[in-house]
Amino acid sequence: MKIKHISHFKANSVMKLFGFTSDGEEVSLYELTNKNGMQLKITNYGATITSLKMPLKNGALVDVVLGFDTLDAYIKSFDLESAPYFGATIGRYAGRINNGFFSLNGKAFHLNKNNNNNSLHGGNIGYSQKNWRVENVKEGKNPAITFAYFSPDGEENYPGGLSVEITYMVSEDNELIIEYKAISTEDTVVNLTHHSYFNLDGHDSDILEQELIVNAQKMVETTDQNSPTGRFLDLDNKPFDFNQPKKCPPKIDATFVLEKENEFAASLFNKNNNLKMTVYTNQPGVHIYVGGNCFNTIKGKENANYHALSGICFETQNFPDAPNHEHFPNAILKKGEIYYHKTSYKFQSF
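Notes on the structure follow.

Criteria and thresholds
Residues numbered from 1 in each chain as written. Predicted model: local features only at pLDDT ≥ 70, side-chain atom pairs only at ≥ 80, totals over all residues. Heavy atoms only, no water. Helix = DSSP H or I, 4+ residues; strand = E, 2+ residues; numbered from the N terminus. Rg over C-alpha atoms; globule rule 2.2 N^0.38 Å. Buried < 20%, exposed > 50% of the residue type's maximum accessible area, 1.4 Å probe, protein only. Contact = heavy atoms within 4.5 Å. Areas by Shrake-Rupley, 256 points an atom, 1.4 Å probe, with all protein chains shown as cover. Polar contact = N/O pair within 3.5 Å; in protein donor to acceptor, adjacent residues only side chain to side chain. Pairing = 2+ DSSP bridges.

## Description of the overall build of the protein chain
Next, step 1: Looking only at helices and strands, one finds 1 helix and 30 strands in the protein chain.
Next, step 2: Whereas a compact globule of 350 residues would reach a radius of gyration of roughly 20 Å, the protein chain reaches 19 Å, a difference of no more than 12%.
Next, step 3: Oriented by its inertia axes, the alpha-carbon framework of the protein chain measures out at about 55 × 50 × 40 Å.
Next, step 4: When burial is assessed residue by residue, the protein chain has 58% of its 350 residues classed as buried.
Next, step 5: Counting contacts in the protein chain only where the partners sit at least 6 residues apart, residues at least 24 apart contribute 66% of the total.
Next, step 6: Total accessible area on the protein chain is roughly 14,700 Å²; 47% of this is exposed by carbon and sulfur atoms.

## Brief notes about the side chain of Ser205
Next, step 1: Secondary-structure assignment places Ser205 in the loop between strand E17 (197–198) and strand E18 (211–214).
Next, step 2: Taking relative accessible area as the criterion, Ser205 reaches 18% and is therefore assigned buried.
Next, step 3: Only 3.1 Å separates the side chain of Ser205 from the side chain of Asp201, close enough to count as a polar contact.
Next, step 4: Here Ser205 is in contact with Asn199, His307, Leu309 and Ser310, once residues within four sequence places are set aside.

## Some details on the sheet that holds E17
Next, step 1: With respect to topology, 6 strands assemble into an open sheet ordered E17-E28-E25-E22-E19-E20, the strand pairing being antiparallel. Single-partner strands in this sheet number two, and they are E17 and strand E20 (228–234).
Next, step 2: The pairing of strand E19 (residues 218–222) with E20 spans 4 bridges and is antiparallel. Looking at the pairing, Val220 lines up with Phe232 of E20.

## Side note on the side chain of Lys301
Next, step 1: The residue Lys301 is located in the loop between strand E26 (298–299) and strand E27 (305–306) in this model.
Next, step 2: A distance of 2.7 Å separates polar atoms of two side chains, one belonging to Lys301 and the other to Asp63.
Next, step 3: When residues no more than four places from it in sequence are discounted, the contact partners of Lys301 are Thr50, Ser51, Asp63, Val65, Leu66, Gly67, Phe68, Asp69, His203 and Tyr306.

## Some words on the pairing of strand E25 (residues 285–290)
Next, step 1: Most of E25 is tucked away, with 6 of its 6 residues classed as buried.
Next, step 2: Across the two faces of E25 the burial is the same, with Gly285, His287 and Tyr289 and Val286, Ile288 and Val290 all buried.
Next, step 3: Bridge count for strand E22 (residues 252–257) against E25 is 6 bridges, and the pairing is antiparallel. Paired with Thr255 across the bridge in E25 is His287.

Below is the structure:
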């Protein structure tokens, strides 16, 4: 569905043309705003968040996510040595699948490899490079937009045709709420996530002085290639123990195990403007990432020079390589069953 066919955008929603893909497909940019002035911009290219502006107590707005000003910049970012995936929806499987291999129902599946010898974030052309269609728009209180994509059987060598929907909501309590639903024509594996780089001091700053809390006692152990070994590391009094507030690390690429139901997964606080973000999810893990994929060569929004410390990712998800570890949370989506993932990023200005 093209944006010109959507006639029910009103005062708290805006839409405009963002550009065209190399195949001539129209790409649009959508804006949702709540009563407090929280403003979310999303493009249907990769169902990607391009901007998230939060109102502060003093009335100022701060853009708390990294991104680009143009569609062409998003498209070209996937040609970099290591694509940053700014604000993108990740699928069919977020994180690494070791050797690009898993077996399901006695059959071996060899995925396309795009990260050393592994399949990362869905393979060569994941959901972050697809043109999603607009399925629904909700106006008024708690404005929301739903995007949909059909991933055919065999795409990137995954089994089953997968119908995916993702809904972005801007709540009246200054939450960014993301809900994912998926259903497959055959048994498959699914792990969807969101890949915004957050910076509560503004996208053109750095995150080193911001305070991080991660509500986890364990993390997934990995090899030097960042593939899970199958073991877990106890975090008590270790460098990556963030149960008490600590400054953001200059480099981290780790999956934390979330074992406390109905509690927050992580939080970030910026003392410069007294803005706090708290992450909640129904997923078993949160992958936290700082320290790469920018190379000091990327020009971001408003001509900002992005670097390795420009932002921090909170990728709520199942564990990487879960299809190859029986004791990890189940990553198999049975034919006809519903995959459901909900994550919220709640903002508070003090």
